[in-house]
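Residue-level structure breakdown
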Amino acid sequence: MSEVKKIATRESYGNALVELGKEHEDLVVLDADLAAATKTGIFKKAFPDRHIDCGIAECNMMGIAAGIATTGKVPFASTFAMFAAGRAFEQVRNSIGYPHLNVKIGATHAGISVGEDGATHQCNEDIALMRTIPGMVVINPSDDVEARAAVKAAYEYEGPVYLRFGRLAVPVINDRPEYKFEIGKGVVLREGKDVTIIATGLCVSETLAAADLLAKDGIDAKVVNIHTIKPLDEELVVASAKETGKVVTVEEHSIIGGLGSAVCDVLAEQCPTKVMRIGINDVFGESGPAVQLVKKYGLDSESIYNRVKDFVK
Amino acid sequence: MNTLELKKMANEVRQGIVTAVHSAKSGHPGGSLSAADMFTYLYFKELNIDPKNPNKEDRDRFVLSKGHTAPGYYSALAHRGFFPVEDLKTLRHVGSYLQGHPDKKHIPGVDMSSGSLGQGISAAVGMALSAKLSNDAYRVYTLLGDGEIQEGQVWEAAMFAGHRKLDNLCVIVDNNGLQIDGNIDDVCSPYPIDEKFKAFNFHVINVDAHDFDALEKAFDEARATKGQPTAIIAKSVKGKGVSFMENQASWHGTAPNDEQYAIAMEELKKAGEALCQK
């Protein structure tokens, strides 16, 4: 079997910006001294006049992006998730969210898989923070194909969008010709009748592998990829819960306030269902190689398999 | 408008401020009154704007970074014809479009929502940068409070504007010397303000905020300055025009009661009549 192609979604972000930049002169990219890491450096090379390095000043960058958006251009403000959603939260809320400006926030290095830099740089809270801002779209793509499609969709959408990208190279799972990305629409990757596993971001590929393991034990798991956490595909979530009963959520994010919470919000109101949330369990992370951390914090396929098996019993 | 006409208009703007804040039973009269002459100068003399077409593309932009002085801003916009002066009485009322702090979504003539201190200047810098990127000729103005410049984001924005040589940007600091907790140099001194902006490659002009001839010279000089942004440090009197509010930190965010309102309006009307006899 040939090796599965892997690529970090932050790379997809940089590549997608270059592709879009060729077609759209109104697209401008902002960064805060992390162009090499966020991969907007590729855009800078292609379009130096439309790449704005704001220096190490993320709050100011969000305000500049807001000001640019009022003049009709489409800014993509880029930095690590910790600084975009964390440090600049109030700027994103008040300068971008409240006036509902057409700013796209490209937040890279999200989640535990940032790795060796440790807890200060591992943002497991950004989805929770961003989804509380009225009108903010929150997207967490699962692979290269989806990430590039998400960047394009974000450009075409009128309004603020938070795009979440990872540092770790992840397998390409959506490379099929019929793949279609639509903001707010979940994707059923596998049908099943015993349990629905709803996953997002890099956990989608791990969840698919876990479903294969479950199948060997005779457990038939439905797998749903939720790339847009807000607005959530409520219809699909409720229909799946009705179909399979038990629901599991899997995310590289705190179990508080992220995908798990969003799914629980909907199910509690519309279809009370037993839910198990898999994610970061209200703890800070630690330094280490990304792959080892994914395993340690229980987000790898084997950990997901073990927990779902116990849950379905 | 000549100087006398500007003075008369500023008096009208002040009456609008006092009326709006009294009607709301809350809001910020002190800083609105200290900036009233500047709002008047900007909206009746300096800015290239059209109340009939608030979103015209080549308009000059204004961002009220010290967003709590919305009553002064709204009063100038209303008197300039962006919306009815009568609506000032709906300030901060449920259902009114005149929010406690500027809301660009619903208020004609407002280019940017603001209110969280330190954030407006960054948006103004973004607008000025965007004009440079596409070779547009419009200019961008932003009004900051002197207390506001204690916010670190102001200096992030100033550093960037100086670095990018944004000569289409004019930052105005309303230097009335007072903030909620008292004198700004007792709370956390920002002085010398002019030297700080100079250090970030701004052309700096010190001016009396209540002298229209001096304001004209300052804004002309800012427009003529090439290769660097301008900061106009405008020395003002908090509460200017209402005797019992002048230089009182306590009037930063307090509304006059009915009696105080009557006294304030009487004072302003008399001052207006005196101007008419000139």
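Parameters at a glance
Residues numbered from 1 in each chain as written. Chains lettered and ligands numbered in written order. Predicted model: local features only at pLDDT ≥ 70, side-chain atom pairs only at ≥ 80, totals over all residues. Heavy atoms only, no water. Helix = DSSP H or I, 4+ residues; strand = E, 2+ residues; numbered from the N terminus. Contact = heavy atoms within 4.5 Å. Polar contact = N/O pair within 3.5 Å; in protein donor to acceptor, adjacent residues only side chain to side chain. Salt bridge = Lys/Arg side-chain N within 4 Å of Asp/Glu carboxyl O. Buried < 20%, exposed > 50% of the residue type's maximum accessible area, 1.4 Å probe, protein only. Pairing = 2+ DSSP bridges. Axes fitted to C-alpha atoms, helices over the stretch in contact; angles between N-to-C directions.

1. With respect to the environment of tyrosine 97 of chain B
Residues and elements named next belong to chain B. Within the secondary structure layout, tyrosine 97 lies in the loop between helix H4 (70-80) and helix H5 (120-133). Setting aside anything within four residues of it in sequence, one finds tyrosine 97 in contact with Phe83, Pro84, Asp87, His106, Ile107 and Pro108. Only 2.7 Å separates the side chain of tyrosine 97 from the side chain of aspartate 87, close enough to count as a polar contact.

2. Details of the pattern of salt bridges
On inspection of all chains with the given rule, the structure shows 29 salt bridges over all chains. Between arginine 190 of chain A and aspartate 212 of chain A there is a salt bridge; the shortest N-O distance is 2.7 Å. One end of the pair, arginine 190 of chain A, is in strand S9 (residues 187-190); the other, aspartate 212 of chain A, is in helix H9 (residues 203-216), and 22 residues separate them in sequence. Residue aspartate 212 of chain A is classed as partly exposed on the basis of its relative accessible area, which comes to 42%. A salt bridge links lysine 45 of chain B to glutamate 216 of chain B, with the shortest nitrogen-to-oxygen separation between them at 3.8 Å. Of this pair, lysine 45 of chain B sits in helix H3 (residues 36-46) while glutamate 216 of chain B sits in helix H9 (residues 212-224); the two residues are 171 residues apart in sequence, bridging distant segments of the chain. Of the residues examined, glutamate 216 of chain B reaches a relative accessible area of 28% and is grouped as partly exposed. What you see here is one network of salt bridges that share partners, running through Glu191, Lys222 and Glu243 of chain A.

3. A word on the sheet that holds strand S14 (residues 275-280) of chain A
Residues and elements named next belong to chain A. Taken in spatial order, the five strands line up as S9-S11-S10-S13-S14 in an open sheet, and their pairing is mixed. At either end of the open sheet lies a strand with only one pairing partner, and these are S9 and S14. Ignoring strand direction, the axes of neighbouring strands in this sheet form an average angle of 25 degrees. Pairing of strand S10 (residues 195-199) with strand S13 (residues 247-254), which is carried by four bridges, proceeds in the parallel orientation. Paired with threonine 196 across the two strands is valine 247, which belongs to S13. Across the sheet, helix H10 (residues 234-244) is in contact with S9, S10, strand S11 (221-225) and S13; its angle to S11 comes to roughly 175 degrees. Contacts from helix H13 (residues 301-312) reach S10, S13 and S14 within the one sheet, and its direction differs from that of S14 by about 160 degrees.

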